[in-house]
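Chain by chain, the residues:
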Amino acid sequence: MKRMNGTKIISLAVASAWLACSVSIFSGCRSGESSGIDLGNTAAVEPRAADLSRQLFEQTNRLRVSKGMDALRWSNELAEVALCHAQTMAQKGRIGHVGLVGRSEQLRERGVVSRLTENVAYGMGHDAPVLVTVEGWNKSLEHRRNLLDERVTLTGVGCALTADGFFYFVQLYGR
């Protein structure tokens, strides 16, 4: 796990290698299975978390456009799955890509994507957690590859906040 600007960012390459060696099943939330929270409406979950998700989406597109790339389109389906994973990480107090294979299969079966990648981050004590996160991802080869992948056209972001001030971000990229 790498530490960048006070935010820990797990390496997708390490997580992918671990996933390839293990049997991973989707054990997170599915629509309607998230303790009564309507995952389709992130604003109803936590207004600040929904605002941070929106900011991360916008900052990602600012970065892509500054590199001469197309902006990504928002996907409610990807955001729902990303939010569920962010909530799971916050509840467990752990960050990682556990369940990515299952999330990918679930979204493929629903016809949402044919390709799925993911960036995750967490931290606390930042005045601008979105900027710190995107800057950290942009400095990491694996995360930058996901941010700037020309093959992806969709994204969804989930953010969960804990009572002790930690934020957990999940951004899914698909096509």
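Data block above holds the structure.
Notes on the structure in this doc start here. Computed from a predicted structure; not experimentally measured.

Rules used in this analysis
- Residues numbered from 1 in each chain as written.
- Predicted model: local features only at pLDDT ≥ 70, side-chain atom pairs only at ≥ 80, totals over all residues.
- Heavy atoms only, no water.
- Buried < 20%, exposed > 50% of the residue type's maximum accessible area, 1.4 Å probe, protein only.
- Helix = DSSP H or I, 4+ residues; strand = E, 2+ residues; numbered from the N terminus.
- Pairing = 2+ DSSP bridges.
- Contact = heavy atoms within 4.5 Å.
- Phe/Tyr/Trp six-rings, centres within 6.5 Å; stacked < 30°, edge-to-face > 60°.
- Salt bridge = Lys/Arg side-chain N within 4 Å of Asp/Glu carboxyl O.
- Axes fitted to C-alpha atoms, helices over the stretch in contact; angles between N-to-C directions.
- Parallel < 35°, antiparallel > 145°, perpendicular 65-115°, else oblique.
- Left-handed = near helix turned anticlockwise from the far one by under 90°.
- Nonpolar A, V, L, I, M, F, W, Y, C, P; charged D, E, K, R; others polar.
- Expected span 1.5 Å × (residues − 1).

Moving on, we come to the pairing of strand 5 (residues 154-161). Taken across its eight residues, strand 5 has seven buried, putting it largely inside the fold. Judged from the two bridges that link them, strand 3 (residues 73-74) and strand 5 form a sheet pairing that is parallel. Within strand 5, the residue paired with Arg73 across the bridge is Leu154. Counted between consecutive antiparallel strands, the loop separating strand 5 from strand 6 (residues 167-174) contains five residues, among which Gly165 sits at a positive phi close to 95°.

Attention now moves to the environment of Leu72. Counting through the fold element by element, Leu72 comes out in the loop between helix 3 (47-66) and strand 3. The class of Leu72 is buried, set by a relative accessible area of 4%. Sequence separation of Leu72 and Val152 is 80 residues, and the distance between their C-alpha atoms is 7.5 Å. Every residue in contact with Leu72, bar those within four places of it in the chain, is listed here: Phe57, Thr60, Asn61, Arg64, Val152, Thr153, Leu154, Thr155 and Tyr173.

As a further point, take the packing of aromatic side chains. Scanning the entire structure with this criterion turns up four aromatic pairs. With centroids separated by 5.4 Å and ring planes inclined at 10°, the aromatic side chains of Tyr122 and Tyr168 adopt a geometry described as stacked. With Tyr122 in strand 4 (residues 116-123) and Tyr168 in strand 6, this pair connects stretches of sequence that are 46 residues apart. Judged by relative accessible area, which is 4%, Tyr168 ranks as buried. For the pair Phe167 and Phe169, a centre-to-centre distance of 5.0 Å together with 50° between the ring planes defines the contact as tilted. Here Phe167 falls in the buried class, since its relative accessible area comes to 4%.

Here we come to the pattern of salt bridges. Counted under the stated rule, the structure contains five salt bridges. The salt bridge partner of Glu58 is Arg54, with a shortest N-O separation of 2.8 Å. One end of the pair is Glu58 and the other is Arg54, both in helix 3 and four residues apart, which spans about a single turn. The class of Glu58 is partly exposed, set by a relative accessible area of 30%. Across the pair Arg115 and Asp149 runs a salt bridge, and its minimum N-O distance is 3.1 Å. Here the residue Arg115 occupies a position in the loop between helix 5 (100-109) and strand 4, and Asp149 occupies one in the loop between helix 7 (141-147) and strand 5, the gap between them amounting to 34 residues. Arg115 sits in the partly exposed class, given a relative accessible area of 21%. Look at the salt bridges and you will find they share partners, linking Asp51, Arg54 and Glu58 into a network.

Relative to each other, helix 4 (residues 76-92) and helix 5 sit at 155°, their axes nearing to 11 Å. For the element pair helix 4 / helix 5, the angle class is roughly antiparallel. As helix 4 runs across helix 5, the sense of the crossing is right-handed. For the pair formed by helix 4 and helix 5, the contact residues are Glu77, Leu78, Val81 and His85 on the first element and Arg103, Gln106 and Leu107 on the second. Split into classes, the residues belonging to the contact of helix 4 with helix 5 amount to three nonpolar, two polar and two charged.

With 20 residues, helix 3 extends 28 Å between its outermost C-alpha atoms, agreeing within 8% with the 28 Å of an ideal straight helix rising 1.5 Å per residue. Of all the positions in helix 3, only Ala49, Ala50, Leu52, Ser53, Leu56, Phe57, Gln59, Thr60, Asn61, Leu63 and Arg64 are classed as buried. One or two residues past the end of helix 3 sits Gly68, with phi positive at roughly 80°.

No statement about biological role is implied by the geometric values presented.
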